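Observations on chain architecture
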Amino acid sequence: MQFIPSALLLLFAVTFFCIWLIERQRRQFLLFALSFLAFAVATFMQFALWPSDIGYNTIMTSTLYSAGPLLLVEGVLARSGKSIPRGEHAAWFAAIVGTLLYFYYVENDLQVRVYVLNLGMAFIFLSGVWKIRQQMRGGVLDRAVLWLLFGLAATFIVRTLLTGSSVPKDNIPEFFQSDFWIWAQLTMSVLGVAMGLGLLVVASADVILALKAERDSDPLTGLLNRRGLQGRAPRLLALGRRRPLSIVACDIDSFKSINDRFGHGAGDAVLQTFARIVKAQMRAGDVAARTGGEEFVIVMKDAPVGDAFTLAERLRRMIADTRFAGLPADFAVTCSFGIAAFHGGEGLWDAIGRADKILYAAKRAGRNRTFAEGLQLPNAA
């Protein structure tokens, strides 16, 4: 029975390793697997008292127990493209392992070693919470990961403070009979399962959301595709019934001639650069999509037509002033815009259709222009 925690931890290590074999680009799965493996081996060595020499056992288990939370925190950080500096890794190992060795070889005190190891692991988890604290403003998954780490740290702290005094100063047989050891075995099983299941849920959701984002995104520009824009239609329509919503339709002028004269590689570079400029100028909450070959739509929330006109004009001038890779230095790429206000009760594509009609009026007027519903002021570069 005493090896149940080790078996459960090993099971999660194998599970995460198998997931990593399928999703190798997601480094966090391998880190989670290594973390659970470190905890599994450490608990087995401690429960089996192997090696039997307490000094060697202390060195090996304290190293593994330090690696477990560090790898777990590293995996959590990897989800958001962050990592723990190597120097910080070394500092944690030196502080925890070094202190434990001191309180075995210099001043032999088992109780102090218990406090140092368990509180040390708790503070590693808390350091991870601090590093991802901005995720409290993120999505449900981000907040869930943060609270998982915080709960793990709190459990280590509370358990150690409540039962640590039951640990003898230097009596290994009594240690295995102490309240601390009994609760350690219980909480290791419960925490191992809770953390493993929690991370599995997060990992599964991450994969599903990534697949959904890939399905809804245009691979060339990184903007939404038509399906992605349609998926956001209900939320946009609900918003448009309460606040002003503007639809900006855009078309790159004479794009077919760019492909014909300079090749599709140059045309792709134009689309990618155009998309980068659009994303850089969009406000938080605005939505942009590539709806056709050289056709784009921007949905602007809390924006009357006049505000959308200002953005479109800024984009139009920036595009005209940009020099694109693969094109001659004196070749100017231009684009035209049509803007319509969303009317409550209509569908999103109905509003986009009206913006398209305004856009083509701008193109018929000579291209490189922005026309807007109710404004329709012809302008040129």
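Bear in mind the structure is a predicted one, so any value in this text is a computation, not a measurement.

A cis amide bond links W50 with the next residue in sequence, P51, at an omega value of 0°. Of note in the backbone geometry, L49 takes a positive phi value of approximately 50° without being a glycine. Turning to its location among the elements, L49 is positioned in the loop between α2 (27–48) and α3 (54–78). Residue R367 is not a glycine yet carries a positive backbone phi of 65°. Secondary-structure assignment places R367 in the loop between α14 (348–364) and β5 (370–372).

Attention now moves to the UniProt feature "transmembrane region" (unreviewed entry) in the chain. This chain's UniProt record puts "transmembrane region" (unreviewed entry) on residues 6–22, 29–48, 54–77, 89–106, 112–132, 144–162 and 182–211. With 100% helix and 0% strand, residues 29–48 has its two end C-alpha atoms placed 28 Å apart. For residues 89–106, helix accounts for 100% and strand for 0%, while the C-alpha atoms at its two ends are 25 Å apart.

Strand order in the open sheet made by the five strands is β2-β3-β1-β4-β5, with mixed pairing throughout. Of all the strands in the sheet, just β2 (287–290) and β5 have a single pairing partner and so form its edges. Within the sheet, the average angular offset between the axes of one strand and its neighbour, ignoring direction, is 15°. By the bridge criterion, seven bridges tie strand β1 (residues 245–252) to strand β4 (residues 335–341) in an arrangement that is antiparallel. Residue A249 lies in a different strand from β4, and its bridge partner there is G338. Strand contacts of helix α13 (residues 305–321): β1, β3 (295–301), β4 and β5, with the helix running at about 170° to β4, the strand carrying the most contacts.

A separate point is the pattern of salt bridges. Enumeration according to the criterion identifies 18 salt bridges in this entry. Note that R283 and D286 form a salt bridge whose closest N and O atoms lie 2.9 Å from each other. The class for R283 is partly exposed, based on a relative accessible area of 35%. Exposure remark for D286: the relative accessible area of 8% places this residue in the buried category. In this structure, R316 and E313 form a salt bridge, with 2.7 Å as the shortest nitrogen-oxygen distance.

Rules of the game
- Residues numbered from 1 in each chain as written.
- Predicted model: local features only at pLDDT ≥ 70, side-chain atom pairs only at ≥ 80, totals over all residues.
- Heavy atoms only, no water.
- Helix = DSSP H or I, 4+ residues; strand = E, 2+ residues; numbered from the N terminus.
- UniProt positions renumbered as here; feature names shortened; annotations may be inferred.
- Pairing = 2+ DSSP bridges.
- Axes fitted to C-alpha atoms, helices over the stretch in contact; angles between N-to-C directions.
- Contact = heavy atoms within 4.5 Å.
- Salt bridge = Lys/Arg side-chain N within 4 Å of Asp/Glu carboxyl O.
- Buried < 20%, exposed > 50% of the residue type's maximum accessible area, 1.4 Å probe, protein only.

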